[in-house]
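# Close look at the chain arrangement
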Amino acid sequence: AQAQTVVRQSRKGSTATTVRSQRWVHPLITMDDAATPVPWRSVLPILGVMFVDGVNMMLVFPFVPFLVRSTLRLSLEDPNTPLMSGLMGAAFLLGQFFASPVYGPLSDRRGRRPVLLSCMAVSTAFLLAFGLAESYWFAMACRFLQGLSAGALTVGKLYLVDISDATNEARIFSYIG
């Protein structure tokens, strides 16, 4: 976009020069140039980690009804199977609900990268423990603890805020959904 120079002359003879941009920018942003380019080398790995964290949450859903039936010794037609499966799915989200507010201040103090990597490692460990669970309550506890350690989405968003500015933030965050 090209800039347009406008010269105005006041009644007293002084002139004022203003530069107008052809491109619309938010009124609070005082920039005449185009948006800052997106730092893809930093954005793509974080988007990948956030995608893997979402997959990590939903990875077990196809197996949960079978785990519930085998650990609680329920029949195929037992009406408690969907309820118990739903509670196990909710355990992850409940853990995530309680832990998400903690990860912002923690990553401010310790750094984004260490918190992000430790969240991924601990969440993976609880996912493996869930896969080896032989009782319903142990599997439920593993799912809850996995939710407590699932801070990659929270810390990933904070990292994206750190590497973006007002001109490219909307574009970067549009890839999250």
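In what follows, the structure referred to is the one given above.
Our subject in this report is the structure included herewith. (Residues numbered from 1 in each chain as written. Predicted model: local features only at pLDDT ≥ 70, side-chain atom pairs only at ≥ 80, totals over all residues. Heavy atoms only, no water.)

## Remarks on the nonpolar core
We apply this condition: The criterion is simple. A nonpolar core is a set of buried Ala, Val, Leu, Ile, Met, Phe, Trp, Tyr and Cys residues joined through side-chain atoms within 4.5 Å. Residue burial is assigned from relative accessible area. The probe radius is 1.4 Å, only protein chains are included, and a residue is buried under 20% of its type maximum, exposed over 50%, and partly exposed in between. By definition, any uninterrupted DSSP run of H or I lasting at least four residues is a helix, any uninterrupted run of E lasting at least two residues is a strand, and each is numbered from the N terminus. Contact between two residues is taken to exist if any of their heavy atoms lie within 4.5 Å; hydrogens are not considered.
Grouped together as the largest cluster of nonpolar side chains are 15 residues, with contacts concentrated most on V64, V68, M88, F130, Y136 and A139. Elements supplying a minimum of two residues to this core: α2 (64–72), α3 (80–110), α4 (112–131) and α5 (136–148). Setting aside chain neighbours within four positions, we find V68 in contact with R73, L74, T81, M84, S85, M88 and Y136. In this structure, V43, L47, M50 and L160 belong to the second largest nonpolar core, which totals 14 residues.

## Section: α5
We apply this condition: One less than the number of residues in a helix, times 1.5 Å, gives the span that helix is expected to have. Relevant arc is that of directions from the helix axis to the C-beta atoms, nothing else.
Over its 13 residues, α5 runs 18 Å from end to end, which matches the ideal 18 Å to within 8%, given 1.5 Å per residue. Taken residue by residue, α5 has Y136, A139, M140, C142, R143, Q146 and G147 as its buried positions. Mapping the buried residues of α5 onto a view down its axis gives an arc of 160°, with all of them on the same face. Looking at the buried side of α5, the elements it contacts are α1 (40–58), α2, α3 and α4.

## Details of the packing of α1 against helix α6 (residues 152–163)
To keep things clear, this is the line we draw: Inter-axis angles, ranging from 0 to 180 degrees, are taken between N-to-C directions of lines fitted to C-alpha atoms, where helices are fitted over the stretch in contact. Our angle categories are set so that under 35 degrees counts as roughly parallel, over 145 as roughly antiparallel, 65 to 115 as roughly perpendicular, and the remainder as oblique. Handedness of a crossing is defined here by the sense of rotation of the near helix relative to the far one, left-handed for an anticlockwise turn of less than a right angle and right-handed for a clockwise turn. Basically, the charged four are Asp, Glu, Lys and Arg, the nonpolar ten are Ala, Val, Leu, Ile, Met, Phe, Trp, Tyr, Cys and Pro, and anything else, Gly included, counts as polar.
Contact pair α1 / α6: the axes reach a minimum separation of 9 Å and the direction vectors enclose 165°. Taken together, the axis directions place α1 and α6 in an arrangement best described as roughly antiparallel. Considering the relative orientation of α1 and α6, their crossing is left-handed. Of the residues in α6, those touching α1 at S42, V43, I46, L47, V49, M50 and D53 are A152, L153, G156, K157, Y159, L160 and I163. Taken together, the residues of the contact of α1 with α6 break down into 10 nonpolar, 2 polar and 2 charged.

## Overview of the pattern of salt bridges
If charged atoms from side chains of opposite charge come close, those side chains can pair. What counts, and what does not: Put simply, a salt bridge is a Lys or Arg side-chain nitrogen that is within 4 Å of an Asp or Glu carboxyl oxygen.
Under the definition given, this model contains 2 salt bridges. Here R112 and D108 are joined by a salt bridge, their closest N and O atoms 2.8 Å apart. Note that R112 and D162 form a salt bridge whose closest N and O atoms lie 2.8 Å from each other. In this pair, R112 is assigned in helix α4 and D162 in helix α6, connecting sequence segments 50 residues apart. In this structure R112 comes out as buried when scored by relative accessible area, which is 15%. Three or more residues are tied together by salt bridges with common partners; here these are D108, R112 and D162.

Spatial relationships are all this shows, so hold off on functional conclusions.
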